[in-house]
Amino acid sequence: MWCLLKKRRDYRFIYLIHFIFVLLKCSFPVDAILDPIDFLALQSIRKSLDDLPGSNYFASWDFTSDPCNFAGVYCDGDKVIALNLGDPRAGSPGLTGRIDPAIGKLSALAELTIVPGRIIGSLPQTLSQLKNLRFLAVSRNFISGDIPATLGELRGLQTLDLSFNQFSGSIPWSIGTLPALSNVILCHNKLSGSAPPFVSQTLTRLDLKHNDLSGSISPLGLPPSLQYLSLSWNRLTGPVDQLLSRLDRLNYLDLSMNQFTGCIPGNLFTFPIANLQLQRNQLSGPVEPIDQVRIPTVDLSFNRFSGRISPLFSTVQNLYLNNNRFIGEVPGSFVDQLLAASIQILYLQHNYLTGIEINPTASIPLSSSLCLQYNCMVPPVQTPCPLKAGKQKTRPTEQCIEWKG
């Protein structure tokens, strides 16, 4: 009898446990329970980061609840696939602290972003363990040290944005070998050394401006898929004619504030570029477009270009040819476009130009700006020039004779 009662009680206990399990399974499906490794990784990441005053990003990170419901955490099944750290709304104060190496444990992670803030320290080497990573953006923080060469192991990486930080050292050549890259944004750091060649045939944006890069760029170092190229404010050297002649899909080009030399190809001006910035280099030779130039803004100032100014530039809205070695007369088509207010800025100061056919009583439209001073002529019209143009209206005669000779 006792055994029978005991057996019934055991069955009741089993039924109770089964009922509770079914109830829990209905409320919290098994496939929604986060992988324990991912759970612990998120805990480590949370411990190493904090909200800056005014930010409440981590308010939802309560580890007694499902981490897949945390702000910025996105899951697929039991794995974290995307992690967007920080409040993405404009003006959010961001986060402070360091990036914990445990982030490399999120094995299914495909996207990692960190909003602008005050995160310090280095980029963890463990990021190389994230073999599914496609998107890495940690811009506008205070991350320092070298860019890990092991990022070259992320063969599926498409976007790399480490801009506006304090990275130093060279750009690892392994990054240039990544085959799927489409965006590389490393601007506003303290990077030095030479820029690696990039092999990705899907690379459309390369932004390395405001660093301390030096050396030359191989004619085959950049793929023809590029649409946006900014290398300004570095110490890059060498010729660019063969390099540029291949990049016929460019819609933005800024090579300013470097030490590039040699001539520029005439076909460059046929590319679908909206803004061409080549100022303050050591570029030289004649500038000879092969067709009418349709680029709205062209800045070739502060170089060593020579020869006559091509009339094919008369359709440019903002044209900066100042501080070069151009000679001869200004083409008449420039005057026509200027008086019609089609040209908004025409800076020709500090060259060796000898004349321009314009009526001294002509009225320059208020929306247009013309500067002719410090050439081998007396400017026939008096127009306001930039302060940096100086006060001298005409170049000394001996300089003009010497240059003409």
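- Under an unreviewed UniProt entry, the name given to the chain is Leucine-rich repeat (LRR) family protein, and the source organism is Forsythia ovata.
- Database annotation for the chain, UniProt heading Subcellular location (unreviewed entry): "Membrane".

## Considerations on the state of the cysteines
Piece 1. Following the criterion strictly, the structure yields three disulfides and no others.
Piece 2. Cys68 shares a disulfide with Cys75; S-S distance 2.1 Å. Across the S-S bond linking Cys68 and Cys75, the dihedral sits near -95 degrees, which makes this disulfide left-handed.
Piece 3. Cys75 gets classed as partly exposed once you look at its relative accessible area, which sits at 26%.
Piece 4. Cys376 shares a disulfide with Cys400; S-S distance 2.0 Å. A torsion of -100 degrees about the S-S bond marks the disulfide between Cys376 and Cys400 as left-handed. Separated by 24 residues along the polypeptide, Cys376 in the loop between β27 (369-371) and α6 (397-404) and Cys400 in helix α6 bring together distant segments of the chain. Assigned by exposure class, Cys376 and Cys400 land together as buried.
Piece 5. Sequence-ordered numbering of the bonded cysteines in the chain yields a pairing of 1-2, 3-5, 4-6.

## Section: the packing of aromatic side chains
Piece 1. This model, assessed by the stated rule, comprises ten aromatic pairs.
Piece 2. Centre to centre, the rings of Tyr228 and Tyr252 are 4.6 Å apart; their planes meet at 10 degrees, and the pair counts as stacked. With Tyr228 in strand β15 (residues 228-230) and Tyr252 in strand β17 (residues 252-254), the pair connects residues that are 24 residues apart, well separated along the chain.
Piece 3. Tyr228 sits in the buried class, given a relative accessible area of 15%.
Piece 4. Taking relative accessible area as the criterion, Tyr252 reaches 21% and is therefore assigned partly exposed.
Piece 5. Connected via pairs of aromatic rings, a cluster forms that spans Phe39, Tyr57, Phe58, Trp61, Phe63 and Phe70.
Piece 6. The side chain of Arg140 reaches across the aromatic face of Phe164, ending 3.8 Å from its centre.
Piece 7. If you follow Arg280 out to its NZ or CZ, it ends over the ring of Phe302, 3.8 Å from the centre.

Parameters at a glance
Residues numbered from 1 in each chain as written. Predicted model: local features only at pLDDT ≥ 70, side-chain atom pairs only at ≥ 80, totals over all residues. Heavy atoms only, no water. UniProt positions renumbered as here; feature names shortened; annotations may be inferred. Disulfide = S-S within 2.5 Å. Buried < 20%, exposed > 50% of the residue type's maximum accessible area, 1.4 Å probe, protein only. Helix = DSSP H or I, 4+ residues; strand = E, 2+ residues; numbered from the N terminus. Phe/Tyr/Trp six-rings, centres within 6.5 Å; stacked < 30°, edge-to-face > 60°. Lys NZ or Arg CZ within 6 Å of the ring centre and 35° of its normal.

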